[in-house]
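Each chain is listed here by its residues.
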Amino acid sequence: MKAAKGTVFKYGDNVDTDVIIPARYLNSSDPAELAAHCMEDIDSGFVGKVQKGDIIVATKNFGCGSSREHAPIAIKAAGVSCVIAETFARIFYRNAINIGLPIVECPEAAAEIDAGDTVEVNFDTGVITDVTKGTTYQGQAFPEFMQKIIAAEGLVNYINHGK
Amino acid sequence: MGMTMTQKILAAHAGLDRVEAGQLIEADLDLVLGNDITSPVAIKEMEKMKVDGVFDRDKIALVPDHFVPNKDIKSAEHCKCVREFAYRNKITNYFEVGEMGIEHALLPEKGLTVAGDVIIGADSHTCTYGALGAFSTGVGSTDMAAGMATGKAWFKVPSAIKFNLVGKPAEWVSGKDVILHIIGMIGVDGALYKSMEFVGEGVANLTMDDRFTIANMAIEAGGKNGIFPVDELAIAYMKEHSDRPYTVYEADEDAVYDEEYTIDLSALRPTIAFPHLPENTKTIDEIKEDIAIDQVVIGSCTNGRIDDMRTAAKVLKGRHVAKGLRCIVIPATQAVYLQAMEEGLLKIFVEAGAVVSTPTCGPCLGGYMGILAQGERCVSTTNRNFVGRMGHVESEIYLASPAVAAASAVAGRISCPCRLN
């Protein structure tokens, strides 16, 4: 599987799906339109700054709240290559896997990585490297079942391929 | 090692004698739910799947409720997409404006959710049906699509937290106060990935509407589901509303729980969650400051049922909302609306200076029908008070029960019925 490398945007606890993509934009389901408002209510400068491949790092309970799949869709369409967090809210976790947005749980990395750091994530090994700081962390590997869904690039392909 | 209520339901739907926490299973679904926000994405995903149609047209519920009656052209297009899909696939349980209600109030009322079911819904508050002893949980649109196509979903079997309820709530204390108290105690991720099982002799002192409210907000503690045992009251509710057979699952005596709490319902006080997290709770007695408010919302999948309307009307009867305050009352379904009308509750609301809306999720998620301007404050019976949830990022939401919300509407500041003249 491929790796991610990019600059870090750092957030705290309980980043909810309402700030990831406010409901006032949910009259659209177009990924590009959603991406244009990604993180708007927590970081209004995000969309202007984010580059393809960048990485979001947050602490606990990332993606809590609504079940809107528009949240991981907006993040993915904004160009983010991976989200690292101490923990994820469970519906966001499922949704990210189902649409093929790579996510990694790693409390140590979530605590120590700072905004602006350059970070690499190897999806095969789960190893996270903070290139700026010269530190490495072992992220939690997915169970085999989920790896298959990720390898198929989402649940739809997984089902189409007869599992 | 025994199983919890949730584990037993999941085992039965996976064709297994037993399951344990952490096990990955594939379970048969009794119902797959979607609304006007999540279904269009699911429909698009389902079209990519190599399937002929839905797995069972009787086991899918499509409820446009978030932005209906259509709030703008884009919303109208979403609703049209759902409507056309429903007609094309001959979906039995598609609810048009005039029949619809807020999904989690509507489905139990229509008899579509009963004890022992496994239900997924592309809406986080799908956990509501645990009040009837079902396993129900929120998922995203792709899971909904796969559920509609295959009738199955994968789950990681959850561990559980047990809440042993004892005692009887005092006057003006309701299910909302119970669940806000619990979220305040364990935090917004206190039950992350877990079942919240509500048991004990105190359950008998909670109405069905109280239980729906409690199960509804399990997600606000991060829970996978909330569930109640099935007692005579739950059976009476199901018999009144549904022809479907139900199955009662009880937790084994040696079921294992990660944590156990005892909640004395008689000790609870009206509880309010301050901005911007449902865990920021204070009892009415702990609020020392005077918090003036601009708006009150009474409704939603959390608190738009008939008990909630009756409580609000009891407070508002013969009183008037404070000058300059907007009070918006939203009965959750057409049946609740009609019942409230027949009981004279709507007259009480209008005479008190409140407005009454057709069923919609509108203001709860900042869609329409009560958006807040910069700096405004709202006391709301809804379920989330995140930054910008009901409008401007610098507005504030205080979550509370219908009793507290109605009293606050009269006072123009956070209050409770016992403090009104």
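Undergrad: I keep staring at the sheet that holds strand 3 (residues 82-85) of chain A and nothing clicks. Help me out?
TA: Within a sheet, neighbouring strands are paired by backbone hydrogen bonds and run either parallel or antiparallel to one another. Residue and element names in this part refer to chain A. Judged by pairing direction, the sheet is mixed, and its seven strands sit side by side in the order 4-3-2-1-5-6-7 without closing on themselves. Where the open sheet ends on each side, the last strands, each with one partner, are strand 4 (103-105) and strand 7 (135-138). Taking the axes of each pair of neighbouring strands and ignoring which way they run, one obtains an average angle of 25 degrees across the sheet.

Undergrad: Any chance you could explain the sheet that holds strand 9 (residues 195-199) of chain B here in plain terms?
TA: Residue and element names in this part refer to chain B. Here four strands make up an open sheet; going across it, the order is 10-9-8-11 and the pairing parallel. A strand with exactly one partner marks an edge of an open sheet, and here the two such strands are strand 10 (225-227) and strand 11 (259-264). Ignoring strand direction, the axes of neighbouring strands in this sheet form an average angle of 20 degrees. Relative to strand 10, strand 9 runs parallel, the two being bridged by three bridges. The residue of strand 10 that forms the bridge with Met 196 is Gly 226.

Undergrad: Could you clarify how one ought to interpret the interface of chain B and chain A in this entry?
TA: Accessible area lost upon the coming together of the parts serves often as the stated size of an interface. Taken together, the contact pairs 42 residues of chain B with 36 residues of chain A. Those elements giving two or more residues to the side of chain B that touches chain A turn out to be helix 2 (39-48), helix 3 (73-88) and helix 5 (141-150) of chain B. The biggest single contributor to the side of chain B that touches chain A is helix 5 of chain B, with six residues. Among the residues forming the side of chain B that touches chain A, the class breakdown is 18 nonpolar, 13 polar and 11 charged.

Undergrad: Sorry if this is basic, but what is going on with unusual backbone geometry here?
TA: Note: most residues except glycine have negative phi, and most peptide bonds are trans. Residues and elements named next belong to chain B. Note that the residue after Val 68, namely Pro 69, is joined by a cis bond; omega there is -15 degrees. The residue Pro 69 is located in the loop between strand 3 (60-63) and helix 3 in this model. Note the cis peptide between Pro 275 and His 276, where omega equals 0 degrees. Inspection of the secondary structure assignment puts His 276 in the loop between strand 12 (271-273) and strand 13 (281-283). Phi is positive for Lys 90, close to 50 degrees, though the residue is something other than glycine. By secondary structure assignment, the location of Lys 90 is in the loop between helix 3 and strand 4 (93-94).

Undergrad: Help me understand the pairing of strand 7 of chain A, please; the structure alone is not making it clear to me.
TA: On any regular strand, side chains alternate: one points to one face of the sheet, the next to the other face. Residue and element names in this part refer to chain A. Here four bridges tie strand 6 (residues 127-130) to strand 7, and the two strands are oriented antiparallel to one another. The residue bridging Thr 129 from the neighbouring strand is Thr 136, located in strand 7. Linking strand 6 back to strand 7 in an antiparallel pair, the connection comprises four residues, with Gly 134 at a positive phi of about 75 degrees.

Undergrad: Any chance you could explain the confidence of the model for chain B here in plain terms?
TA: Note that predicted coordinates carrying low pLDDT should not be read in detail. Put simply, chain B has an average pLDDT of 97, and 100% of its residues get 70 or more. With a pTM of 0.97, the predicted complex shows an ipTM of 0.95.

Undergrad: Would you mind going over the pairing of strand 9 of chain B with me for this structure?
TA: All names here are of chain B. Counting buried positions along strand 9 yields four of five residues, so the element is predominantly enclosed. In this structure, strand 8 (residues 160-166) lies alongside strand 9, joined through five bridges in parallel fashion. Across the sheet, the residue bridging to Ile 161 is Met 196, located in strand 9. Read as a crossover between parallel neighbours, the route from strand 8 over helix 6 (residues 175-186) to strand 9 is right-handed. Since strand 9 and strand 10 lie parallel, the crossover through helix 7 (residues 208-216) that links them has a hand, and here it is right-handed.

Undergrad: Even after reading the chapter, I still don't get helix 2 of chain B, so can you show me in this structure?
TA: In an α-helix there are 3.6 residues to a turn, and that puts residues three or four apart on one side. Taken across its 10 residues, helix 2 of chain B has seven buried, putting it largely inside the fold. Residues of helix 2 of chain B that are buried: Ser39(B), Pro40(B), Val41(B), Ala42(B), Ile43(B), Glu45(B) and Met46(B). Where helix 2 of chain B is buried, its residues meet helix 8 (155-160) of chain A together with strand 2 (31-35), strand 3, helix 3 and helix 5 of chain B.

Undergrad: What is the right way to read the packing of helix 2 of chain B against helix 3 of chain B from this model?
TA: What describes two packed helices is the angle between their axes and the distance between those same axes. All names here are of chain B. Between helix 2 and helix 3, the least distance of the axes is 9 Å, while the angle of their chain directions is 50 degrees. On the basis of the axis angle, helix 2 is oblique to helix 3. The two elements helix 2 and helix 3 cross, and the hand of that crossing is left-handed. Contacts between helix 2 and helix 3 pair Ser 39, Pro 40 and Ile 43 from the former with His 78, Cys 81, Val 82 and Phe 85 from the latter. Its residues assigned to classes, the contact of helix 2 with helix 3 shows five nonpolar, two polar and no charged.

Undergrad: I tried to follow the environment of Cys127(B) on my own but got confused; where do I start?
TA: Residue and element names in this part refer to chain B. Relative to the helices and strands, Cys 127 is located in the loop between strand 5 (118-121) and strand 6 (135-138). Sequence spacing of Cys 127 and Phe 212 is 85 residues, and the spatial spacing of their C-alpha atoms is 9.0 Å. When sequence neighbours within four positions are dropped, the list of residues in contact with Cys 127 reads Ser 136, Thr 137, Gly 138, Ala 215, Asn 216, Ala 218, Ile 219, Gly 223, Asn 225 and Gly 226.

Conventions used here
For every chain, the first residue of the written sequence is number 1, and numbering continues from 1 onward in sequence order. Note on labels: chains are lettered from A, ligands numbered from 1, in written order. Note on the predicted model: pLDDT of at least 70 is required for a residue's local features to be given, and 80 or more for side-chain atom pairs to be given and counted; whole-chain, interface and lining totals, by contrast, use all residues. Note on pairing: two strands pair once DSSP finds at least 2 bridges between them. Secondary structure follows DSSP: runs of H or I at least 4 residues long count as helices, runs of E at least 2 residues long count as strands, and numbering of each begins at the N terminus. Here the axes come from fitting lines to C-alpha atoms, over the contacting stretch only for helices, and the angles between their N-to-C directions go from 0 to 180 degrees. This entry defines residue contacts through backbone-placed C-beta atoms, with two residues in contact when those atoms are within 7 Å. Under the grouping applied here, Gly and all other residues not named as nonpolar or charged are polar, the nonpolar ones being Ala, Val, Leu, Ile, Met, Phe, Trp, Tyr, Cys and Pro and the charged ones Asp, Glu, Lys and Arg. Confidence scores labelled pLDDT are given residue by residue by the predictor and lie between 0 and 100. Exposure in this text rests on C-beta crowding, where 20 or more other C-beta atoms within 10 Å of a residue's own make it buried, 12 or fewer make it exposed, and counts in between make it partly exposed. The C-beta atoms are placed from the backbone. Viewed with both strands pointing away, a crossover whose connecting path from the first strand over the helix to the second turns clockwise is right-handed. For classification purposes, an angle smaller than 35 degrees is called roughly parallel, one larger than 145 roughly antiparallel, one from 65 to 115 roughly perpendicular, and anything else oblique. Note on convention: the crossing is left-handed when the near helix lies turned anticlockwise from the far helix by less than a right angle, right-handed when the turn is clockwise.

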